[in-house]
Amino acid sequence: MTIIHNLGFPRIGKQRELKRAVESYWAGKLLSEDLLETGRQLRERHWQIQKSAGVDLVPVGDFAWYDQILEWTTLLGVVPARFAQDSAETVSLDTLFRMARGRAPSGTPAAACEMTKWFDTNYHYIVPEITPGQEFRIAREDLFEQVKDAAALGYNAKPVIPGPLTWLWLSKGDAFVNGAADEQKLALLPQLVTVYQQVFARFVEQGVNWVQIDEPILALDIPEAWLDAYADVYAQLKQNAPKLLLATYFEGLRNNASVLKDLAVDGVHVDAVRAPDQLESVAAQLHSGQVLSVGLIDGRNIWRTDLDAAAALIQKLKASLGERLWLAPSCSLLHVPVDLQGEDGLDAELYSWLSFAVQKLDELALLKHIVDDTLDAQGQAALDTQRKALQLRASSPRTHNPTVAARVAELATLSRDRAPFDKRIEAQNKRLGLPVFPTTTIGSFPQTQEIRKLRRDWRAGSLGDAAYEKAIRAEIEHVIRFQEEVGLDVLVHGEAERNDMVEYFGELLGGFAFTKNGWVQSYGSRCVKPPIIFGDVVRPAAMTVAWSQFAQSLTSLPVKGMLTGPVTMLQWSFVRDDQARSETCRQLALALRDEVSDLEAAGIHVIQIDEPAFREGLPLRKGDWNAYLDWAVDCFRISTSGIDDDTQIHTHMCYSEFNDIIDSIAAMDADVITIETSRSNMELLEAFENFDYPNDIGPGVYDIHSPNVPDQQWMVDLMRKAAKRLPAERLWVNPDCGLKTRGWEETGSSLKAMVSAAKELRKAVA
Ligand code: GLN
Ligand code: ZN
């Protein structure tokens, strides 16, 4: 019988129980015993779900209080000095929380560790912070206790841990010598491997059979020295260890597949959803004792699996590998919502197309029976339902819209070029009449409890349309007057009507659906509920024009229209898998193009299209970058090229390094780009300077993530620094991101200081 296993189950709980519990604990409202109990119950429930689905090996160690990498980092005793004042033998849960968030119910607050995106997902992990000469020791018992719990309950527990090379690759440290950090990090391997050996020895004592050791960096371009390290490291790890399953995912191994040859592991897991083509070449590397685990159920998306196609893909392998072929989801199910059941807001048809973590395990079990030819009547019925749902989806008129297809076809001949920037900016200056160092904001203004309640009540139906509209208009008027008083040059309407920059647009577009409980962990206790793009995207009516037009009617200063870009909408949604992402993105771009034209026709002559997720869409392998950048840039240009020269297009990006994609940023050809730079002291501008970036730039002059009011002189100095790199007449003055998380008072003081800074800068130019 074919073995099926799972790489990881979402830990947050169907009702986000983990989020609630940790947040209550942080707020001092829940005792640590009760927090621990919630965690224990969640783990048990999740093991039970997996076992009853028929999963042979259930993962242990996929649970985390904040992040699975942080769990491992603390198990290894890697605690930066600023958190370690209690010098205890073991790392406490509060120390873990302080590393993640800077503070916890006990212990002295200190600057939190850095957090960053987990490969190409929207999950964020806590970056391990290490030093040259870093020491390691087993400093937490949680994982071993969980293994014990699972075994006691009769589960066939498979611990899941980050591999040493992946963990080390992801780690960072200020004290490493620039340019030699890689080498210095690799020098830590012998000591690190010793502690892994100790962990494995403990597992052996605990009777663990298999360990899943995650090495997702094998999906990246990694240097030769790191690849070379694998053979030795795993040879040492194998000495006294349970069986090791080396797991890779998110991309194919490609050239990295060579490390598998003679690697001392008992099995390898590969992602056959992202990279089905690699199966044969990977199988060819394995020797006759090794297992090949094939990930066939998409752990990154929410569509039902085509089980017939999946079975066909591995048919030959099954014949050659027999029992050595295992089946699994492509990666941990951390990236999909917990359970589809209860999503009663979705219509029956759409519901039948979807599969969340719980359903994916049922699909996996079904696949096993297909492969083993052991389907019983019930299984056969389930398979029939599955097939029918897929057929319906493939032929549904809801996914394909001939009008959209026709418009996409027209793109073949549609020009995306606007007039040259020099000409445009001249026309724009004439129309807008802005001073040098013009001031603006990124779009949102403080979202108070009252505003959130307004939207909630309106959605719930307890507040009528007319009353809601009146209240939002009052808020827009307040925001406009506020900006006039502060003295800003280009105003915004404040985005009070938006809960979320993707959801807001998705709800107004055709082709999108929304769940009630489709939560996915983003970081720590923060979860997101990504929209589902299931069909061709259409814009039945203008989405933002009425609000922007109203805002513009209140003032003689220009009001900037505010849209979310096509790439960002794509990146932050679950996207249909029956056509290329680029195709879906083009449809989004066309909908936005219409919105941009309507805004212009309504008298809005500055329009910002936010693309904060532009960079995170980059593929994991550099060789794939250009293909992505080509269509991503093209989509932005589709959205923005249907207007007159004197309408000004802004874009905004945050948390981005621009160095390696600056030519694509320039190719987007926005008239103005606003970016985050204050935290990096304008260092980020280097890319724009070196490239000789031609259009206008608004380098954020203060960090909106902090409640502190920025000092005026400090902003002047920052802008002077910017003006050394770029021509002064190309520069705008603005905060580094939207203000929605800030309070009104600090926003007023901060923006006033910013406007005064701009005035001072102008004096020097005049
Ligand atoms: N316009 C958005 C806002 O101001 C931009 C948010 C973002 O960059 N993530 O909130
Ligand atoms: Zn931003």
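Bear in mind the structure is a predicted one, so any value in this text is a computation, not a measurement.

Draft legend 1. The packing of helix α26 (residues 712–725) against helix α27 (residues 744–765), seen in detail. With their axes 8 Å apart at the nearest point, α26 and α27 run at an angle of 50° to one another. Here α26 is positioned oblique relative to α27, judged by the angle of their axes. For the crossing formed where α26 meets α27, the hand is right-handed. Each of Q712, Q713, M715, V716, M719 and R720 in α26 lies in contact with α27, whose residues at this interface are S750, A753, M754, S756, A757, E760, L761 and A764. Of the residues contributing to the contact of α26 with α27, the split by class is eight nonpolar, four polar and two charged.

Draft legend 2. Here's a closer look at the pattern of salt bridges. In this structure the tally under the stated criterion is 51 salt bridges. Between D696 and R730 there is a salt bridge, and its shortest N-O distance comes to 2.7 Å. Taken together, the positions of D696 in strand β21 (residues 696–699) and R730 in the loop between α26 and α27 put the pair 34 residues apart, joining distant regions of the chain. You can call D696 buried: its relative accessible area is 5%. Here R730 falls in the buried class, since its relative accessible area comes to 19%.

Draft legend 3. Seen up close, the site of ligand 1. In the vicinity of ligand 1, the contacting residues are I442, G443, S444, E495, M501, D610, P612, H652, C654, C737 and G738. Within the side chain of S444, an N or O atom sits 2.8 Å from an oxygen atom of ligand 1. Here D610 contributes a side-chain N or O atom positioned 2.6 Å from a nitrogen atom of ligand 1. Look at ligand 1: alone it shows 300 Å² of surface, and the protein chains cover 89% of it.

Draft legend 4. Fine view of helix α2 (residues 32–53). Given a rise of 1.5 Å per residue, 22 residues ought to cover 32 Å, and the 32 Å separating the end C-alpha atoms of α2 matches this to within 8%. Looking at α2, one finds that the buried residues are L35, T38, G39, L42, R43, H46, W47, Q50 and A53. In a view along the axis of α2, the buried residues occupy a sector of 160°, so they form one face of it. Residues of α2 that are exposed and point more than 90 degrees away from the buried face comprise E33 and S52.

Reading guide: rules and limits
- Residues numbered from 1 in each chain as written.
- Chains lettered and ligands numbered in written order.
- Predicted model: local features only at pLDDT ≥ 70, side-chain atom pairs only at ≥ 80, totals over all residues.
- Heavy atoms only, no water.
- Axes fitted to C-alpha atoms, helices over the stretch in contact; angles between N-to-C directions.
- Helix = DSSP H or I, 4+ residues; strand = E, 2+ residues; numbered from the N terminus.
- Parallel < 35°, antiparallel > 145°, perpendicular 65-115°, else oblique.
- Left-handed = near helix turned anticlockwise from the far one by under 90°.
- Contact = heavy atoms within 4.5 Å.
- Nonpolar A, V, L, I, M, F, W, Y, C, P; charged D, E, K, R; others polar.
- Salt bridge = Lys/Arg side-chain N within 4 Å of Asp/Glu carboxyl O.
- Buried < 20%, exposed > 50% of the residue type's maximum accessible area, 1.4 Å probe, protein only.
- Near = heavy atom within 4 Å.
- Polar contact = N/O pair within 3.5 Å; in protein donor to acceptor, adjacent residues only side chain to side chain.
- Areas by Shrake-Rupley, 256 points an atom, 1.4 Å probe, with all protein chains shown as cover.
- Expected span 1.5 Å × (residues − 1).
- Arc of directions from axis to C-beta.

Just distances and angles here, no functional claims.
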